[in-house]
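Given next are the chains, with one letter for each unit.
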Amino acid sequence: MKKSVFAAVLAMLLVLACGAAAAVKIGLKAEDGKAYYDFTLENQEFAILEYTAPDAKGKMVVYGEDGVFEGEILLPWSGKGGNVKLTVKNVKNSTVGTASAKLEKDENYSVPKGKSNAKVEDMVLTETVDGFGYSFRAEGTDFMLLQFRNKQESGQCFVFPNENGVYEGEISLPITYARTLTTVKVCTGKGDVKKEETVRKAYQIAQAPERAEGRLSGVVVCIDPGHQENGKMVREPIGPGLEGFTSGTSGMAQGKITMRKESIVVMEISEKLRDELLRQGATVVMTREAQDVYHTNLERCQIAEDAGAFIMLRLHADTRADTSKRGISVYAPLNSDYAKAVAGKEDYKHMGQLMLDAMKTAVGYKLDTTTGYVHLGDNFVGNNWAKMICFLIETGFMSNVQDDHLLSQPVYQQWLAEGMAQGVYEIALFRGLVEAE
Ligand SMILES: [Zn+2]
């Protein structure tokens, strides 16, 4: 009995000691509407920053090469000055340290005077790539208070009417992810809400770079970014030589923390994959380049076929009730007539393994861990109808806090893209389509 009490106390002391040792020293300086941070997190490549400032609040994931993190946080609405507080978390969402700094008042800052209470009319919010645009009328007012809030950032600022009595302008939301929903409130100077609406931050795929000559010259790749903004579905035949139809329902994953939709996350990864493949010489066709489209699985396969694709990569992100689950999964077709014409079971399995291993290596998973698997089956209609090598790739689990954060990070998305491009190269090599470098 005594022994176990002693052990418990010792365990507690150890936890306390480790807890104290784990607190990370964070440098923080604030001036001219910005906060500058620097800290080191050993063996971590990503960290979460949560900050609060006088009129702004935000949450962002940052990348630090070799665990060294430094950068700036924009505080555009914090002219009245005050304290900036920063909490640093690891990607599992556990706090590792905090810091605060004083922000001096902007010399041009003053609280506006005049009338600021009227009915808000003709309000229009518009999606922009940087944030959102607003336009409204509030008869007889001199100024209003605009508040905005979403999953990644929030802020407030005073706005003023133009000579025609119209309030209009644009609000930049630099750390908000594309397609995130923002709630916008027009308030009186005291903060009483007069009108409330929502708007999303726009997403626009960047223009593709010019195709270079490279090790993938002559290889045609079809990228199929999974889903679309609204998941309308039709019943489709399961596959050639297979019996039955799909149920006509298809759920898409959503970020546990970011609340982002799978359709936009895989679009961002697809964009990076497109660019990486083009840089390596491949010819690329995409089944969609926007969110507001609707393509059935069969139509997507047809696009790949029409392009003469050697391989089709269908990019998705997974979700599970078990939120501890992380990793990459590669799914290949098995019994459809088309799949059998493409490759035998062993070859398909081997090619899937080439893709998985290339991706695991690129994102830093050890190859001998169970952070991913290759599965052959008949479950995926979009695989079954492909007349070329086809994989559905689950790039990670949006139900897992860590994967959810990472899947939206440009750096991590790029690693995934480089891994898939390497996989394409190794598969092309295996099939004799390209020569070894
Ligand atoms: Zn999906």
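Residues numbered from 1 in each chain as written. Predicted model: local features only at pLDDT ≥ 70, side-chain atom pairs only at ≥ 80, totals over all residues.

With respect to the pairing of strand β15 (residues 220–225)
Under the convention used in this document: Any residue whose C-beta has 12 or fewer other C-beta atoms within 10 Å is treated as exposed, any with 20 or more as buried, and any in between as partly exposed, C-beta atoms being built from the backbone. What counts as a helix is a DSSP run of H or I of at least four residues, what counts as a strand is a run of E of at least two, and both are numbered from the N terminus. Strand pairing is assigned whenever DSSP detects at least two bridges linking the two strands.
Burial of β15 is extensive: five of the six residues sit out of reach of the surface. Direction of pairing for β15 relative to strand β16 (residues 283–286): parallel, over a ladder of four bridges. Along β16, the bridge assignment pairs V221 with V284. Where β15 meets strand β17 (residues 311–318), five bridges bridge the pair, whose relative direction is parallel. Across the sheet, the residue bridging to C222 is M312, located in β17.

Thoughts on helix α5 (residues 345–363)
Applied cut-off: The span one expects for a helix is its residue count, reduced by one, times 1.5 Å. We call two residues in contact when the distance between their C-beta atoms, placed using the backbone, is within 7 Å.
Here α5 spans 27 Å end to end across 19 residues, near enough to the 27 Å set by a 1.5 Å rise per residue. Contact partners of the buried residues in α5: β18 (328–333), β19 (372–377), β20 (389–397) and α8 (410–430).

Side note on the environment of V24
Within the element layout of this structure, V24 appears in the loop between α1 (2–22) and β1 (27–31). Among the residues examined, V24 registers 18 C-beta atoms within 10 Å and is labelled partly exposed. Sequence-wise, V24 and Y365 are 341 residues apart; in three dimensions their C-alpha atoms are separated by 25 Å.

What to know about the nonpolar core
One recurring pattern in soluble globular proteins is that nonpolar side chains are buried together. This is how the line gets drawn: By definition, a nonpolar core groups buried Ala, Val, Leu, Ile, Met, Phe, Trp, Tyr and Cys residues that connect through C-beta atoms lying within 7 Å of each other. Delimitation of the domains relies on an automatic or database domain assignment.
In this structure, V221, I311, M388 and V424 are the most contacted members of the largest nonpolar core, which totals 90 residues. Among the elements that make up this core, the one with the highest residue count is α8 (nine residues). Counting residues domain by domain, this core receives three or more from each of domain 1 (25–103) and domain 3 (220–430). Ignoring sequence-local partners within four residues, the contact set of M388 consists of A304, A309, F310, I311, M312 and V342. In terms of nonpolar packing, the next biggest core, distinct from the first, is built from 15 residues, A138, L146, V184 and V199 among them.

Some thoughts on the domain arrangement of the protein
Structurally, the protein comprises domain 1 (25–103), domain 2 (121–200) and domain 3 (220–430). The distance between the C-alpha centroids of domain 1 and domain 2 comes to 25 Å. Domain 1 puts eight residues into the contact, and the matching count from domain 2 is eight residues. Among the elements that line the side of domain 1 that touches domain 2, the one with the most residues is strand β4 (residues 56–63), at five residues.

Points about the sheet that holds strand β14 (residues 193–200)
The following threshold applies: Angles shown run from 0 to 180 degrees and are taken between the N-to-C directions of axes, each axis being a line fitted to C-alpha atoms and, for helices, limited to the stretch in contact.
The strand order β7-β6-β3-β4-β11-β10-β13-β14 describes an open sheet built from eight strands, whose pairing is antiparallel. What marks the edges here is a single partner per strand, and that holds for β7 (95–103) and β14. On average, each strand axis in the sheet is inclined to that of its neighbour by 20 degrees, with strand direction left out of account. Where strand β3 (residues 46–53) meets β4, eight bridges bridge the pair, whose relative direction is antiparallel. Along β4, the bridge assignment pairs A53 with A56.

With respect to the sheet that holds β20
The strand order β16-β15-β17-β20-β18-β19 describes an open sheet built from six strands, whose pairing is mixed. With partners counted over all chains shown, the strands left at the sheet margins are β16 and β19, one partner each. For this sheet the average axis-to-axis angle between neighbouring strands, irrespective of direction, equals 25 degrees. Relative to β17, α8 is tilted by about 145 degrees, and along the sheet it contacts β15, β17 and β20.

A few points about the pairing of strand β2 (residues 34–40)
With burial as the criterion, only one face of β2 is covered, namely that bearing A35, Y37 and F39; the residues K34, Y36, D38 and T40 on the opposite face remain uncovered. Between β1 and β2, which pair antiparallel one after the other, the connecting turn spans two residues, and D32 there sits at a positive phi close to 50 degrees. One ladder, built from seven bridges, connects β2 with strand β5 (residues 68–74); its direction is antiparallel. Within β5, the position partnered with Y37 by the bridge is G71.

Observations regarding the environment of L173
You can see L173 is positioned in the loop between β12 (166–172) and β13 (181–187). Residue classification places L173 among the buried positions, given that 22 C-beta atoms sit within 10 Å. Linking L173 and G155, residues 18 residues apart in sequence, is a C-alpha distance of 9.2 Å. When sequence neighbours within four positions are dropped, the list of residues in contact with L173 reads G131, E153, T182 and K201.

Some points on unusual backbone geometry
Residues apart from glycine generally show negative phi values, whereas peptide bonds are mostly found in trans. The phi angle at D66 is positive, at roughly 55 degrees, despite the residue not being glycine. Structurally, D66 can be placed in the loop between β4 and β5. Although it is not a glycine, N93 adopts a positive phi angle of roughly 80 degrees. Looking at where N93 falls in the secondary structure, it is placed in the loop between β6 (82–89) and β7.

A closer look at α8
In a regular helix each residue adds 1.5 Å, so 21 residues correspond to 30 Å; α8 covers 30 Å between its end C-alpha atoms and thus fits that length. Downstream of α8 by one or two residues, G432 has phi in the positive range, about 75 degrees.

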